[in-house]
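# Residue-level structure breakdown
Residues per chain, in single letters:
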Amino acid sequence: MNPTIPANPLSLPEFRFFLTARFLITLAIQIQAVILGWQIYEMTRDPLSLGLSGLAEAIPAIGIALVAGYIADHQVRHRIVIIGYTVLFLSSVGFVIYSFPSVREATGNSVVPLYLIIGLTGLARGLTGPAMFGLMAEIVPQQLLGRAAAWSTTIWQLAAVGGPALAGFIFLILHFTGSYLLVAASILCGFSAILLIHAKPKPVQTEGESLFSGLTAGLKFVWNKDVLIAAMSLDLFAVLFGGAVALLPIFANEILQVGPEGLGILRASPAIGSAIVALIMARFPPGRGAGRWLLVCVAGFGLTMIGFAFSTWFWLSVALLILSGVFDGVSVVIRATIMQVYTPGSMKGRVSAINSVFIGSSNEIGAFESGVAARLLGVIPSVVFGGIMTLIVVGVTAVKAKKLRKLDL
């Protein structure tokens, strides 16, 4: 290794600022999501209102993703992140204001203002995602991107576990207004960490490239990179068919009979597994045989979902969900590393945006697929069906995507 390049990305101050911002923003968003769900359900007592809140965020986030990717590849990414985090902070202030009873009464206790603010949050996240992906590659040398991707995933997973776990305690102490103020403060601190990173020049691009040609170039690049399209497709179909998150309330209530407390543990279990493995992979990033490990881990994810479907013992179900998180965590780190290594700097925003569309679409449609399959087949058969479909997808990918199967990082 070049003696001027450190062995560990954590020795780079700007990367530490990057991780700090990622952790604080993710933690804030996770806490905010739990408090928001609590508030919306308390105001409406309608489960459909919770589903609509997710849709209110997903539509603008996915809708702006490709354009945001193009912008991230043509403008200073640091500046885009600052704009996105500013909008995110203003959204959090909006939640604080709407938490006052007098403000809610002035609107007739309508949840529509909350949906509008949630939509603004989704817009900010959709704009910021591709720019953050590209920004990491600007502050970390190419040789360290694998380890940096592992650390970035680790930080995200820790926040994803800690946010929901802390939210309930925070609400008991601070209630709605205080909780939203804490969220706003966390976002502001994350914003401050981003300000400590120096802006880098615009990515080098073809002169006179139009929005349409730029978007088309991004799609063509992903389509012509066998490794990228195979990794994204594997993620798309595994989440589409294999996940059982949308059905966990039914498992908690009707099958395992553990109530809402047990549901919280079930929801946190996959993230715990992912956080554990991400910490390990931050120390030992993926290398030789990464493609085979990716296929093995997605297959393992499908098998744990099948085992979870048949489990009637709560702690066995928890263990299987944690194991599913381990498999998913390995695959997430490998896919993130593949994207960083195989995507040139001038394309990172658009490739990240395309990947976010894949992931966002698969999560939303996957929840819908789980509900439809459960209605047609029954809850347990639908999860078994999803696990089997995941195994089939892995088998087809292993046969068709030889470059992914033989991939070393």
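Note that this is a predicted model, so its numbers are computed, not measured.

When helices and strands are tallied, the chain shows 15 helices and 0 strands. Looking at the 409 residues of the chain, the share that counts as buried comes to 50%. Nonlocal contacts in the chain, meaning residues at least 24 apart in sequence, comprise 86% of its contacts between residues at least 6 apart. Summed over its atoms, the accessible surface of the chain is roughly 18,300 Å², and 71% of this surface lies on carbon and sulfur atoms.

The subject of this paragraph is the packing of aromatic side chains. Applying the stated rule across the entire model yields 4 aromatic pairs. Plain terms: the ring middles of Phe251 and Phe308 are 4.7 Å apart, the flat faces sit at 45° to each other, and that makes the pair tilted. Separated by 57 residues along the polypeptide, Phe251 in helix 9 (residues 248–255) and Phe308 in helix 11 (residues 290–310) bring together distant segments of the chain. The buried category is assigned to Phe251, whose relative accessible area is 1%. Owing to a relative accessible area of 0%, Phe308 belongs among the buried residues under this scheme. Taking 4.8 Å as the distance between ring centres and 70° as the angle between the ring planes, the aromatic pair formed by Phe314 and Trp315 counts as edge-to-face. In this structure Phe314 comes out as buried when scored by relative accessible area, which is 11%.

Contact geometry for helix 3 (residues 77–98) and helix 5 (residues 112–139): axes closest at 8 Å, N-to-C directions at 155°. As judged from the angle between their axes, helix 3 and helix 5 are roughly antiparallel. Considering only the axes of helix 3 and helix 5, their crossing is left-handed. When the residues that make up the contact of helix 3 with helix 5 are grouped by side-chain class, the tally is 18 nonpolar, 7 polar and 3 charged.

Moving on, we come to the nonpolar core. In terms of nonpolar packing, the biggest core is built from 90 residues, with Phe15, Phe18, Tyr85, Val140 and Ile338 touching the most fellow members. Top contributing element to this core by residue count: helix 6 (residues 145–195), with 17 residues. In this structure, Leu248, Phe301, Phe314 and Val318 belong to the second largest nonpolar core, which totals 18 residues.

A word on the packing of helix 11 against helix 14 (residues 379–400). To describe two helices that pack against each other, one gives the angle between their axes and the distance between the axes. Where helix 11 contacts helix 14, the two axes come as close as 8 Å, and the packing angle between them is 165°. Taken together, helix 11 and helix 14 sit at an angle that is classed as roughly antiparallel. Between helix 11 and helix 14 lies a crossing of left-handed hand. Along its contact with helix 11, which presents Leu295, Val298, Ala299, Gly302, Leu303, Met305, Ile306, Ala309 and Phe310, the element helix 14 presents Ile380, Val383, Val384, Gly387, Ile388, Thr390, Leu391, Val394, Thr397 and Ala398.

Among the structural elements, Gln157 can be located in helix 6. Placed 119 residues apart in sequence, Gln157 and Ile276 show a C-alpha to C-alpha distance of 8.7 Å. Non-local contacts of Gln157, meaning those with residues more than four positions away in its chain, are made with Ala271, Ser274, Ala275 and Ala278.

Along the chain, the position of Tyr98 falls in helix 3. Tyr98 gets classed as buried once you look at its relative accessible area, which sits at 4%. Expressed as a C-alpha distance, the spacing of Tyr98 and Phe176, which sit 78 residues apart in the sequence, is 9.6 Å. When sequence neighbours within four positions are dropped, the list of residues in contact with Tyr98 reads Gln39, Met43, Val103, Arg104, Thr107, Asn109, Ser110, Pro113 and Leu114. At 2.4 Å, the side chain of Tyr98 forms a polar contact with the backbone oxygen of Ser110.

Definitions and cut-offs
- Residues numbered from 1 in each chain as written.
- Predicted model: local features only at pLDDT ≥ 70, side-chain atom pairs only at ≥ 80, totals over all residues.
- Heavy atoms only, no water.
- Helix = DSSP H or I, 4+ residues; strand = E, 2+ residues; numbered from the N terminus.
- Buried < 20%, exposed > 50% of the residue type's maximum accessible area, 1.4 Å probe, protein only.
- Contact = heavy atoms within 4.5 Å.
- Areas by Shrake-Rupley, 256 points an atom, 1.4 Å probe, with all protein chains shown as cover.
- Phe/Tyr/Trp six-rings, centres within 6.5 Å; stacked < 30°, edge-to-face > 60°.
- Axes fitted to C-alpha atoms, helices over the stretch in contact; angles between N-to-C directions.
- Parallel < 35°, antiparallel > 145°, perpendicular 65-115°, else oblique.
- Left-handed = near helix turned anticlockwise from the far one by under 90°.
- Nonpolar A, V, L, I, M, F, W, Y, C, P; charged D, E, K, R; others polar.
- Core = buried A, V, L, I, M, F, W, Y, C linked by side-chain atoms within 4.5 Å.
- Polar contact = N/O pair within 3.5 Å; in protein donor to acceptor, adjacent residues only side chain to side chain.

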